[in-house]
Amino acid sequence: MKIVWFCIPAHGHTNPTLGLVKEMTEAGHKVIYFSFEQFREKIENAGAEFVSCDAYDFEMEDKDAGDRVGKDMAFATELLVKSTLALDDMVSEKVAQIKPDLIISDSVAYWGKLTAMKYQIPYVSSTTTFAFNDHSSKYMNHGIGELLKMMFSMPKINKQIKKLQEKGYPVQSILEIVRNDNNTNTIVYTSKEFQPCADTFSDKYCFIGPSIRPVISPMEKTAEKTVYISMGTVMKNKEIYRNCVEAFRNTDYQVIISLGENVEEYTDLPDNIKVYDSVDQMAVLSIADVFLTHCGMNSTSEALYYEVPLVLFPQTPEQGAVAKRVEELGAGVRLATTGKKDILVTVESVLAAEQYKLAAKEISKGFKRCGGVKAAREYLEGLC
């Protein structure tokens, strides 16, 4: 089987796919993966043939484009159309050469779905967040203000849709592109137990559990309780890290902070607190007792897999949905503010109450019951 795979330039959307890519290529299937140079090495290491999209003008000079996509539907549609049209000639040529049996694309790499529609090739959505339908989308907390904004932007959106139609894409509305229905074959990297409203999805949705890689660089546990703090790569307000240092300065906890950058600014750390630009997150989670997190889907799933309860500090609607589900299942508590006192009190409340650990353990059991990449391979083979 020949598979063309499309993804966006984001670690959180690429990394979960690599285990499945490896499983497919080792089973003798050919995977041609359209992505960006910074991901070339890991994609090729998984056995796929890499096709670079870097040379094509995605018009992403706007530093805040990533933030705007989640808040401004007209802007998101314009970016989607520009991305699709920028890749159109190259993708058309490659698809004609490859003649794929299947197209898989990240749920927000919409140019993959559009390509499948244009060339009438079987399509699978690769969903590294929760699967969203009319029921589960309520977790995203879209308010009336966003709805009004979208209504006012509809003329702009329709203008962009027309550009796609002129290039042969058989699409009538933005919803056709951005929403999957119960007839869309979909791989979801979580369990049915963790997925909100799981019973509202058809059997075309294959819940395979999170992608968990093995520990590479073990981390030593140096105290009875270990607190891990990481806010991912998009956290702009770094004050929370300073406040964490002060909150835990005079405690007996081992505190591990993954900053992402600017480690050199932290020169006055006590012995119990270590700050890193990055860590082997699996290694840290394997010894952690609580995790203060931005609630990215991957980080949250990895923590729960290791039965680590959470202190939740989401920054986007998608992260808010993850936080809400963790709260519902009893495996974490939301941080009210980034003040030193709130940080300390909330972390200690999670450490003190066994119920959070037990809830994390139950979610972990659900993850481990999933069929993983083997089940996903069998599912994809069944489609062809």
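The notes below deal with the structure included here. The residue count restarts for each chain, going from 1 along the sequence in the order it is written. Since the coordinates come from a predicted model, pLDDT governs what is reported: local features require at least 70, and pairs of side-chain atoms require 80 or more to be given and counted, while whole-chain, interface and lining totals use all residues. Side-chain numbers come from the whole structure's heavy atoms, not from hydrogens or water.

### Observations concerning the nonpolar core
Stage number 1. For this analysis, a nonpolar core means a set of buried residues of the types Ala, Val, Leu, Ile, Met, Phe, Trp, Tyr and Cys, connected via side-chain atoms within 4.5 Å. Whether a residue is buried, partly exposed or exposed follows from its accessible area with a 1.4 Å probe, protein chains only, as a fraction of its type maximum: under 20%, in between, or over 50%, in that order. Counting residues in each nonpolar core, the largest one holds 43 residues, and the members touching the most others are Trp5, Phe6, Leu20, Phe34, Ile187 and Leu380.
Stage number 2. A run of DSSP states H or I qualifies as a helix once it reaches four residues; a run of E qualifies as a strand once it reaches two. Both are numbered from the N-terminal end. For this core, the element with the highest residue contribution is helix H4 (residues 73–98), accounting for five residues.
Stage number 3. Not counting residues up to four positions away in its chain, the partners in contact with Trp5 are Thr17, Leu20, Val21, Val31, Ile32, Tyr33, Phe34, Ile104, Ser126 and Tyr189.
Stage number 4. Core analysis: the second largest hydrophobic core is formed by 27 residues, Val290, Val311, Phe313 and Tyr356 among them. Contacts: residue pairs with any heavy atoms within 4.5 Å of one another.

### Some words on the packing of aromatic side chains
Stage number 1. Geometry of aromatic contacts follows a simple scheme: Phe, Tyr and Trp rings, the Trp one being its six-membered ring, pair when their centres are within 6.5 Å, and the pair is stacked under 30 degrees between planes, edge-to-face over 60, tilted otherwise. Applying the stated criterion across every chain, the model contains nine aromatic pairs.
Stage number 2. When the centroid spacing of 4.8 Å and the interplanar angle of 55° are considered together, the rings of Phe201 and Tyr205 count as tilted.
Stage number 3. Residue Phe201 is classed as buried on the basis of its relative accessible area, which comes to 9%.
Stage number 4. Taking the relative accessible area as the measure of exposure, Tyr205 reaches 5% and is therefore buried.
Stage number 5. Chaining the aromatic ring pairs together yields one cluster made of Phe130, Phe194 and Phe367.
Stage number 6. Counted as over-ring charges are cases with an Arg CZ or a Lys NZ within 6 Å of the ring centre that also lie within 35 degrees of the ring normal. One residue, Lys118, lies across the ring of Tyr169, its end atom 4.4 Å from the ring centre.
Stage number 7. Lying across the ring of Tyr266, Arg242 places its NZ or CZ 4.0 Å from the centre.

### Some details on the packing of helix H9 (residues 239–248) against helix H13 (residues 340–352)
Stage number 1. Interaxial angles span 0 to 180 degrees and are taken between N-to-C directions of axes, which are lines fitted to C-alpha atoms, for helices over the stretch in contact. For the pair H9 and H13, the least separation of the axes is 8 Å and the interaxial angle reads 65°. In this structure, H9 crosses over H13, and the sense of that crossing is right-handed. Together, Ile240, Asn243, Cys244, Glu246, Ala247 and Phe248 of H9 and Lys340, Ile343, Leu344 and Val347 of H13 make up the contact between the two elements.
Stage number 2. Amino acid classes used here: Ala, Val, Leu, Ile, Met, Phe, Trp, Tyr, Cys and Pro are nonpolar; Asp, Glu, Lys and Arg are charged; the rest, including Gly, are polar. Counted by class, the contact of H9 with H13 contains seven nonpolar, one polar and two charged residues. Two helices that cross are described as forming a left-handed crossing if the nearer one is turned anticlockwise from the farther one by less than a right angle, and a right-handed crossing if clockwise.

### Points about the sheet that holds strand S2 (residues 30–35)
Hydrogen bonding along the main chain pairs the strands of a sheet, whether they run parallel or antiparallel.
Stage number 1. Across the sheet, seven strands lie side by side as S3-S2-S1-S4-S5-S6-S7; this open sheet has parallel pairing. Each edge of the open sheet is held by one strand with a lone partner, namely strand S3 (49–52) and strand S7 (205–207). Direction aside, the axes of adjacent strands within the sheet are offset by 20° on average.
Stage number 2. Note that strand S1 (residues 2–6) and strand S4 (residues 102–106) share four bridges and pair parallel. The partner of Phe6 across the bridge, within S4, is Ser105.
Stage number 3. The sheet contacts of helix H1 (residues 11–26) involve S1, S2, S4, strand S5 (123–127) and strand S6 (185–188), and relative to S2 the element is tilted by about 160°. Strands are labelled as partners when DSSP assigns at least two bridges between them.

### Some remarks on the environment of Gln254
Stage number 1. Among the structural elements, Gln254 can be located in strand S9 (residues 254–258).
Stage number 2. Taking relative accessible area as the criterion, Gln254 reaches 7% and is therefore assigned buried.
Stage number 3. Distance in space between the C-alpha atoms of Gln254 and Asp289 is 9.9 Å, their sequence separation being 35 residues.
Stage number 4. With sequence-adjacent residues up to four places away left out, Gln254 is seen in contact with Glu220, Lys221, Thr222, Ala223, Lys225, Thr226, Val227, Asn272 and Ile287.
Stage number 5. The definition of a polar contact used here is a pair of N or O atoms within 3.5 Å, where within protein one atom must be able to donate a hydrogen and the other to accept one, and adjacent residues in sequence count solely through side-chain atom pairs. A polar contact of 2.9 Å, which involves the side chain of Gln254, links it to the backbone oxygen of Glu220.

### What about the packing of H1 against helix H15 (residues 372–383)?
Stage number 1. Two elements in contact, H1 and H15, have axes whose closest approach is 9 Å; the angle formed by their N-to-C orientations is 60°. The orientation of H1 with respect to H15, classified from their angle, is oblique. Crossing hand, H1 versus H15: right-handed. Packed against H1, whose contacting residues are Gly19, Leu20, Glu23 and Met24, the element H15 presents Val373, Lys374, Ala376, Arg377 and Leu380 at the interface.
Stage number 2. When grouped by side-chain class, the residues that make up the contact of H1 with H15 number five nonpolar, one polar and three charged. Angular relationships are summarised with four words: roughly parallel below 35 degrees, roughly antiparallel beyond 145, roughly perpendicular across 65 to 115, and oblique for the angles in between.

### Things to note about the layout of surface pockets
Stage number 1. Volume-wise, the second largest pocket comes out at about 230 Å³.
Stage number 2. Put plainly, a pocket is an open set of points on a 1 Å grid over the protein atoms alone with protein on both sides within 12 Å along at least five of seven lines, a cavity is a set where a 1.4 Å probe fits but cannot get out, and a lining residue has an atom within 4 Å of a point. The wall of the second largest pocket is formed by Lys113, Ala116, Met117, Ile121, Tyr123, Glu176, Arg179, Asp181, Asn183, Thr184 and Asn185.
Stage number 3. Sort the elements by how many residues they give to the lining of the second largest pocket and helix H5 (residues 110–119) lands first, with three residues. Grid points are joined across faces, edges and corners, and a volume is the space filled by probe spheres set on the points.

### Observations concerning the environment of Leu85
Stage number 1. With respect to the element layout, Leu85 can be found in helix H4.
Stage number 2. Ignoring sequence-local partners within four residues, the contact set of Leu85 consists of Lys163, Leu164, Lys167 and Tyr169.

### What to know about unusual backbone geometry
Stage number 1. With phi around 55°, Gln120 is a residue other than glycine that occupies positive phi space.
Stage number 2. Looking at the secondary structure, you find Gln120 in the loop between H5 and S5.
Stage number 3. One non-glycine residue, Glu307, lies in positive phi territory at about 65°.
Stage number 4. Tracing the backbone shows Glu307 in the loop between helix H11 (297–305) and strand S12 (310–312).
Stage number 5. Relative accessible area serves as the criterion here: at 21%, Glu307 is assigned to the partly exposed category.

### Focus on the pattern of salt bridges
Stage number 1. Any carboxyl oxygen of Asp or Glu within 4 Å of a side-chain nitrogen of Lys or Arg constitutes a salt bridge here. A full pass over the atoms with the stated rule returns 19 salt bridges.
Stage number 2. Taking the shortest distance from any N to any O, the salt bridge between Glu23 and Arg377 comes out at 2.7 Å. In this pair, Glu23 sits in helix H1 while Arg377 sits in helix H15, placing the two residues 354 residues apart along the sequence. Exposure class is identical for Glu23 and Arg377. Each is buried.
Stage number 3. Between Glu49 and Lys30 there is a salt bridge; the shortest N-O distance is 3.1 Å. Of the two residues, Glu49 is situated in strand S3 and Lys30 in strand S2; the sequence distance between them amounts to 19 residues.
Stage number 4. On the basis of relative accessible area, Lys30 is assigned to the partly exposed category, the value being 40%.
Stage number 5. Salt bridges linked by common partners bring Arg242, Glu246, Arg249 and Asp268 together as one network.

This is a description of form; function is not addressed.
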